[in-house]
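A structural walkthrough
What follows is the residue order along each chain.
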Amino acid sequence: QVQLAESGGGSVQAGGSLKLSCAASTRILGISEMAWYRQAPGKQRELVARIFEGLQTTYADSVQGRFTISEGAAKNAVDLEMDNLKPEDTGVYFCYARHLGVPFWDQGTQVTVSSGSWGQGTQVTVSP
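Treat the numbers as computed from the prediction; the structure is a model and nothing was measured.

1. Some thoughts on the overall build of the chain
Within the chain one finds zero helices and eleven strands. In sequence order, the chain lays out its α and β elements as β-β-β-β-β-β-β-β-β-β-β. Compactness check: the chain gives a C-alpha radius of gyration of 18 Å against a globular reference of 14 Å for 128 residues, more than 25% above the reference. When its C-alpha atoms are laid out on the principal axes, the chain stretches across 70 × 35 × 25 Å. The buried share among the 128 residues of the chain stands at 39%. Across the chain, the fraction of contacts at a sequence separation of at least 24, relative to all contacts at a separation of at least 6, is 51%. Approximately 7,700 Å² of the chain is accessible, and the part contributed by carbon and sulfur atoms is 49%. The centroid of the 10 positive side-chain charges in the chain is displaced by 4 Å from the centroid of its 12 negative side-chain charges.

The following block contains the structure:
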């Protein structure tokens with residue numbers, strides 16, 4: 001049995017960055033693949049990024065060039081750096097690991113990206 005512990009996530013405005021981290025049970029050997037999936041409300045779960053054997057990476061077209069998946073500092077850990085976030089990146093992000101051909105998932109973490117907006121402005125006057 002593989003247990004996954006995820007951290008990170010939260011809320012950010014469009015254009016911002018977030019980092020997700022996931023660590024599998026450190027005593028577990030034989031994890032060949034780790035990945036991040038996400039699921040938006042009313043949509044199917046989709047692959048975001050995958051790292052295989054610690055070297056080969058795959059990205060969804062929608063995040064290519066903005067997200068980076070990499071091995072974490074600890075054994076059987078993976079990070080997901082998310083830059084230039086867009087509102088369409090909003091969803092629940094799930095960490096995934098494949099151990100001896102068996103898939104494992106964590107409970108997921110919410111990532112919310114809101115559209116930036118300008119306020120009406122405030123006059124500032126500086127007198128000499």
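2. Details of the environment of Lys 86
Among the secondary structure elements, Lys 86 is positioned in the loop between β8 (77-82) and β9 (91-99). With 70 residues separating them along the chain, Lys 86 and Gly 16 place their C-alpha atoms 8.3 Å apart. When residues no more than four places from it in sequence are discounted, the contact partners of Lys 86 are Arg 66 and Val 113.

3. Details of the environment of Ser 70
Of note, Ser 70 is situated in strand β7 (residues 67-71). We classify Ser 70 as partly exposed; its relative accessible area is 28%. Separated by 36 residues in the primary sequence, Ser 70 and Met 34 have C-alpha atoms spaced 9.6 Å apart. Leaving out residues up to four positions away in the same chain, Ser 70 has contacts with Ile 51, Ala 77, Val 78 and Asp 79.

4. Looking at unusual backbone geometry
Most peptide bonds take the trans form, and the phi angle of most residues other than glycine is negative. Not every positive phi belongs to a glycine, and Asn 84 is a case in point at roughly 50 degrees. Tracing the chain through its elements places Asn 84 in the loop between β8 and β9. With phi around 50 degrees, Leu 100 is a residue other than glycine that occupies positive phi space.

5. What to know about the nonpolar core
Of all hydrophobic cores here, the largest spans 28 residues; its most connected members are Leu 4, Met 34, Trp 36, Leu 80 and Met 82. Those elements giving two or more residues to this core turn out to be β3 (18-24), β4 (31-39), β5 (46-52), β7, β8, β9 and β11 (109-114). The leading source of residues in this core is β3, at four residues. Once you skip the residues sitting within four places of it in the chain, Met 34 turns out to touch Leu 4, Cys 22, Ala 24, Arg 50, Ile 51, Ile 69, Asn 76, Ala 77, Val 78, Cys 95, Tyr 96 and Ala 97.

6. So, the pairing of β11
Side chains Thr 109, Val 111 and Val 113 project from β11 onto a buried face, and the interleaved Gln 110, Thr 112 and Ser 114 project onto a face without burial. The pairing of strand β2 (residues 10-13) with β11 spans four bridges and is classified as parallel. Its bridge partner lying in β11, Gly 10 is registered against Val 111. As paired strands, β9 and β11 are joined by three bridges and run antiparallel to one another. Bridging from a neighbouring strand, Tyr 93 pairs with Thr 109 of β11.

Rules and cut-offs
Residues numbered from 1 in each chain as written. Predicted model: local features only at pLDDT ≥ 70, side-chain atom pairs only at ≥ 80, totals over all residues. Heavy atoms only, no water. Helix = DSSP H or I, 4+ residues; strand = E, 2+ residues; numbered from the N terminus. Rg over C-alpha atoms; globule rule 2.2 N^0.38 Å. Buried < 20%, exposed > 50% of the residue type's maximum accessible area, 1.4 Å probe, protein only. Contact = heavy atoms within 4.5 Å. Areas by Shrake-Rupley, 256 points an atom, 1.4 Å probe, with all protein chains shown as cover. Lys, Arg positive; Asp, Glu negative; His and termini not counted. Charge placed at Lys NZ, Arg CZ, Asp CG, Glu CD. Core = buried A, V, L, I, M, F, W, Y, C linked by side-chain atoms within 4.5 Å. Pairing = 2+ DSSP bridges.

Spatial relationships are all this shows, so hold off on functional conclusions.
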